[in-house]
Amino acid sequence: MNKTIKTVSLVLVALVVVYLGYQLLEPRMNPCEGIFQQSSVTLGTNLDIIKAKGEFAIGRQKIQDLTERSQETALNLKACCVVLGKASSDFLRCKEGFDKYDAEINKVATSVKEAGAAKEQGKSEIAIQKIAEANKRLKTAETRAQAFAQQVAEIKGKDKEKPPATRGAQAGGQPAPATTGYATVHMEAWPSENRLRLKVNGLLVGAYDTHVRVYLDPFLKPGFVNNLTFTFDRPPKQKYGVTLTVKAPGSNQWVEVLTFIPSAAKLEDAFEVPFVGVKTQ
């Protein structure tokens, strides 16, 4: 009996060691994922401050929009890494765009803290001034995010012009051409104490442990049928999974096209996304 207990204990310890080892090694095996995680943590520190103290200053809806925009900006940085390579000088220039956005988010958090402190001290004039300052910096952050998204879109456009064998985004597979498709694609996932891995055209672009809402457009190749693969580590404790919603070109209506709830019998699902993107005039 004691020997059995010891054996089980050793197995459990070994599993924990393997899991922790994988958690440490994964960013090294996939440096772009490590960059995404690091940038998410950097932005998350200031977002936590804004969420905790900023509702009275900028409003709940703006905080939600800022959270989603920050997630998308971190993913754009990862997309840069995937296309350009972490060690390239072009990626460093791309990272400058992210750093400008990060700096503005830090300023928003500072203004929110100062507004809260002034309010608590009864300094209403200073509080009003800092609230106005926070909202002004919020608009600047939005402009920075849009500029960075445009920068990434241009980089992806140049990558698309390269011969197929040299395209970083096609490392995992060759998507088929598409003349019609979706303008934008949004994913919402509930890993529920699990881990979800997302691959686009065979390339790992995301690993998520908590509830996430994110636009997938930065990872999709316009004019192609993109292959998405969703893989969970194990069945969730609750019936949570992945939902994909899309917009057609020229439409403002979101349409649900996929719901995947993993089970013990099926931990992985794939879905083809014909994607044309938002066409600019």
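Residues numbered from 1 in each chain as written. Predicted model: local features only at pLDDT ≥ 70, side-chain atom pairs only at ≥ 80, totals over all residues. Heavy atoms only, no water.

## Looking at the overall build of the chain
A count of helical and extended segments in the chain gives six helices and nine strands. Here the chain holds 281 residues, and 43% of them are scored as buried. Counting only contacts in the chain whose residues sit at least 6 apart along the sequence, the fraction spanning at least 24 positions is 72%. When the accessible surface of the chain is split by element, carbon and sulfur atoms take 56% of a total near 15,500 Å². (Helix = DSSP H or I, 4+ residues; strand = E, 2+ residues; numbered from the N terminus. Buried < 20%, exposed > 50% of the residue type's maximum accessible area, 1.4 Å probe, protein only. Contact = heavy atoms within 4.5 Å. Areas by Shrake-Rupley, 256 points an atom, 1.4 Å probe, with all protein chains shown as cover.)

## So, the sheet that holds strand 5 (residues 212-215)
As summarised here, the arrangement of the four strands in space is 5-2-7-8, forming an open sheet in which the pairing is antiparallel. The open sheet is flanked by strand 5 and strand 8 (255-260), the only strands paired with a single partner. Along the sheet, successive strands turn relative to each other by an average axial angle of 15°, direction set aside. The pairing of strand 7 (residues 242-247) with strand 8 spans five bridges and is classified as antiparallel. Bridge assignment links Thr245 to a residue of strand 8, and that residue is Glu256. (Pairing = 2+ DSSP bridges. Axes fitted to C-alpha atoms, helices over the stretch in contact; angles between N-to-C directions.)

## Notes on the state of the cysteines
Under the definition given, this model contains one disulfide. Bridging Cys80 to Cys94, the disulfide has an S-S length of 1.8 Å. Residues Cys80 and Cys94 are joined by a disulfide whose S-S torsion is about 80°; by sign, that bridge is right-handed. Of this pair, Cys80 sits in helix 4 (residues 60-84) while Cys94 sits in helix 5 (residues 89-120); the two residues are 14 residues apart in sequence, bridging distant segments of the chain. Across this residue pair, the class does not change: Cys80 and Cys94 are buried. (Disulfide = S-S within 2.5 Å.)

## Points about the packing of helix 2 (residues 31-53) against helix 4
The description of two packed helices rests on the angle between their axes and on the distance between the axes. Helix 4 packs onto helix 2 with a crossing angle of 160° between their chain directions and a minimal axis gap of 9 Å. One element, helix 2, and the other, helix 4, form an angle in the roughly antiparallel class. Helix-helix and strand crossings are classified by hand; for helix 2 and helix 4 the assignment is right-handed. Of the residues in helix 4, those in contact with Cys32, Glu33, Ile35, Phe36, Ser39, Ser40, Leu43, Leu47, Ile50 and Lys51 of helix 2 are Ile63, Leu66, Thr67, Ser70, Gln71, Ala74, Leu75, Leu77, Lys78, Cys81 and Val82. Taken together, the residues of the contact of helix 2 with helix 4 sort by class into 13 nonpolar, five polar and three charged. (Parallel < 35°, antiparallel > 145°, perpendicular 65-115°, else oblique. Left-handed = near helix turned anticlockwise from the far one by under 90°. Nonpolar A, V, L, I, M, F, W, Y, C, P; charged D, E, K, R; others polar.)

## Examining the nonpolar core
Met187, Phe230 and Leu244 are the most contacted members of the largest nonpolar core, which totals 58 residues. A total of ten residues in this core trace back to one element, the largest contributor, which is helix 4. If near-sequence neighbours (up to four positions away) are discounted, Met187 is found in contact with Leu196, Leu198, Tyr208, Val212, Arg213, Val214, Leu216, Phe230, Val242, Thr243 and Leu244. (Core = buried A, V, L, I, M, F, W, Y, C linked by side-chain atoms within 4.5 Å.)

## Description of helix 2
Side chains that are three or four residues apart share a direction in an α-helix, a result of its 3.6 residues per turn. Taking 1.5 Å per residue, 23 residues should reach 33 Å; helix 2 reaches 34 Å between its end C-alpha atoms and fits that length. Along helix 2, the largest kink reaches about 30° and is centred on Gly44. Among the residues of helix 2, Cys32, Glu33, Gly34, Ile35, Phe36, Ser39, Leu43, Gly44, Asn46, Leu47 and Ile50 are the ones counted as buried. (Expected span 1.5 Å × (residues − 1). Bend = angle between axes of the 7 residues up to and from the residue.)

## Things to note about the confidence of the model for the chain
On average, residues of the chain carry a pLDDT of 80, and 81% of them reach 70 or more. Per-element confidence in the chain ranges from a low mean pLDDT of 46 for helix 1 (residues 2-29) to a high of 93 for strand 2 (residues 184-189). Below pLDDT 50 for its whole length, residues 13-29 participates in eleven contacts with residues either more than four positions away or in separate chains. Throughout residues 163-173 the model reports pLDDT below 50, and contacts reaching past four residues in sequence, or to other chains, amount to 23 contacts. (pLDDT = per-residue confidence, 0-100.)

## Let's talk about the environment of Asp65
Along the chain, Asp65 turns up in helix 4. Assessed through its relative accessible area of 32%, Asp65 is described here as partly exposed. Separated by 77 residues in sequence, Asp65 and Glu142 have C-alpha atoms that sit 9.7 Å apart.

## Some points on unusual backbone geometry
If you check the backbone angles, Asn201 has positive phi at about 55° while not being a glycine. By relative accessible area, Asn201 is classed as buried at 3%.

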